[in-house]
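Residues per chain are reported as follows:
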Amino acid sequence: MSATKKIILKTEKTQRLDLFLREELPSKIFLNRGDNPRGKDDFFDRGDSPSNSKLRRLIISGSVSVNSRVVTRPSFELRGKSEVCVLFDSEKFFYEKKPDDIQFSVTDDTVLFEDDDLIFLNKPAFFPVEQTITGKRDNLHDALVDYLWKRNPSLRNPPYAGIMHRLDRETSGVILFTKNRPVNKIIHELFENHNQSDDLQKEYFCVVTKAPGAKREIKPGDKFSVEKYMGRISSKSQAAKWGALGKEKGGLYSRTDFEVIDEGKSGKDDVFLIKCILHTGRTHQIRVHLSEEGLPILGDELYSGKDFERICLHAARLSFKAGEKFYDVRSELPEKFKEFFKKY
């Protein structure tokens, strides 16, 4: 259900890359924007072009390649026959906002586990996993590369760090990177076949409130599962939102097991600490499953959660078998979560 599309452009001109995209890209972006008052399908009015700053960020983010080689320099000059490939993500391009990211560096204390192939980090909230097109932002991937390079400064090129999965910017906890390319296939297949394998276990903790008219009453010790087909329910012209969506409409199967661990208070509101075990890995899966049960995550305003300083979702454990090795890596519950519950 991704908003990313691959756009292929061909030219024989001698021309700067950013100027070429300014001329050619608008006519290739057709995303059926239903709210266009003039009834057009394209995002741009005829004769309009995206701003220079947006195009520069698109190129700098690594979303553009020329003749199969990624180009990150807007002033790159096209010469002779050129095939330009653009990986265009409408959400990131049209719905950027000024980030309020924290400052963060990877240190020995933030490494949860490491061997020759893999490294597990304890990701903080309010820090993106990778570079985006909304300008040059600090991110976890770059921070890890800097950390590995400082440990081995004799390397002439940046050390390798492969992104195998992602956490939302406000989600904290365990995240995995690979340290060499040969292991990528094993880990990629493990995550890709998540709903078909018992070899991978993902465990999250979250803090929820109970919305009026909630589908179920809960108390500590209760266990329940949510299964449904889900997909994107917002239009392409709006910020991305997922929800229940029938299989016949393109929805993908999802399942999460939940256990109510404790109850407490956030101001005057009753809150519950819930453990979540993922059996599939759909976008916003835990957030959607709980919201549609009337148990939105505290701070998750996109899915009807009450206002709070962050979305209270934490990746607490990642365990799997890769080849002959078994990994079981955990991250402690954030102090902010503990404040709600007496037992902590």
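Residues numbered from 1 in each chain as written. Predicted model: local features only at pLDDT ≥ 70, side-chain atom pairs only at ≥ 80, totals over all residues. Heavy atoms only, no water.

**Q** Before we go on, may I ask you to explain the nonpolar core in this structure?
**A** When a protein is soluble and globular, its nonpolar side chains tend to lie buried together. Core analysis: the biggest nonpolar cluster contains 47 residues, and Ile-274 and Leu-290 have the highest contact counts within it. With near-sequence residues (within four places) excluded, Leu-290 lies in contact with Cys-206, Val-208, Phe-224, Phe-258, Ile-274, Leu-295, Pro-296 and Ile-297. With 16 residues, the next largest nonpolar core counts Ile-7, Leu-21, Val-64 and Leu-78 among its residues. (Core = buried A, V, L, I, M, F, W, Y, C linked by side-chain atoms within 4.5 Å. Buried < 20%, exposed > 50% of the residue type's maximum accessible area, 1.4 Å probe, protein only. Contact = heavy atoms within 4.5 Å.)

**Q** Got a minute to help me understand the confidence of the model for the chain in this structure?
**A** Close inspection of predicted coordinates is inappropriate in any region flagged by low pLDDT. In the predicted model, the chain carries a mean pLDDT of 86, and the fraction of residues at 70 or more is 85%. Per-residue pLDDT, averaged within each element of the chain, yields its smallest value for helix α3 (residues 90-94) (65) and its largest for strand β7 (residues 111-114) (98). For the stretch residues 31-48, pLDDT sits under 50, and the model shows 29 contacts to residues farther than four places along the chain or on other chains. (pLDDT = per-residue confidence, 0-100. Helix = DSSP H or I, 4+ residues; strand = E, 2+ residues; numbered from the N terminus.)

**Q** What is the right way to look at helix α4 (residues 140-151) in this model?
**A** Since the α-helix turns once every 3.6 residues, residues separated by three or four places project in the same direction. For α4, spanning 12 residues, the distance from its first C-alpha to its last is 17 Å, which sits close to the expected 16 Å at 1.5 Å a residue. If you check the start of α4, you find a side-chain oxygen 3.3 Å away from the backbone N of His-141, and it comes from Asn-139. (Expected span 1.5 Å × (residues − 1). Polar contact = N/O pair within 3.5 Å; in protein donor to acceptor, adjacent residues only side chain to side chain.)

**Q** Could you clarify how one ought to interpret the pattern of salt bridges in this entry?
**A** Note that side chains of opposite charge can pair when their charged atoms are close. Under the counting rule described, the total for this entry stands at 25 salt bridges. For the salt bridge of Lys-10 with Glu-83, the shortest nitrogen-to-oxygen distance reads 3.9 Å. Taken together, the positions of Lys-10 in strand β1 (residues 4-11) and Glu-83 in strand β6 (residues 82-89) put the pair 73 residues apart, joining distant regions of the chain. Of the residues examined, Glu-83 reaches a relative accessible area of 33% and is grouped as partly exposed. Across the pair Glu-77 and Arg-79 runs a salt bridge, and its minimum N-O distance is 2.6 Å. Its relative accessible area of 36% is what places Glu-77 among the partly exposed residues. (Salt bridge = Lys/Arg side-chain N within 4 Å of Asp/Glu carboxyl O.)

**Q** Is there a simple way to think about helix α5 (residues 184-192) in this case?
**A** Listed in full, the buried residues belonging to α5 are Asn-184, Ile-187, Leu-190 and Phe-191. Buried residues of α5 fall within an arc of 135 degrees about the axis and therefore sit on the same side. Turned more than 90 degrees away from the buried face of α5, the exposed residues are Lys-185 and Glu-192. Next to the buried residues of α5 lie β8 (118-123), β10 (172-178), β11 (200-208) and β16 (313-322). (Arc of directions from axis to C-beta.)

**Q** Any chance you could explain the environment of Tyr-303 here in plain terms?
**A** Tracing the backbone shows Tyr-303 in the loop between α6 (285-291) and β16. Here Tyr-303 falls in the buried class, since its relative accessible area comes to 3%. Not counting chain neighbours up to four residues away, the residues in contact with Tyr-303 comprise Lys-241, Trp-242, His-284, Arg-287, Val-288, Ser-291 and Pro-296. From its side chain, Tyr-303 meets the backbone nitrogen of Trp-242 in a polar contact 2.8 Å long.

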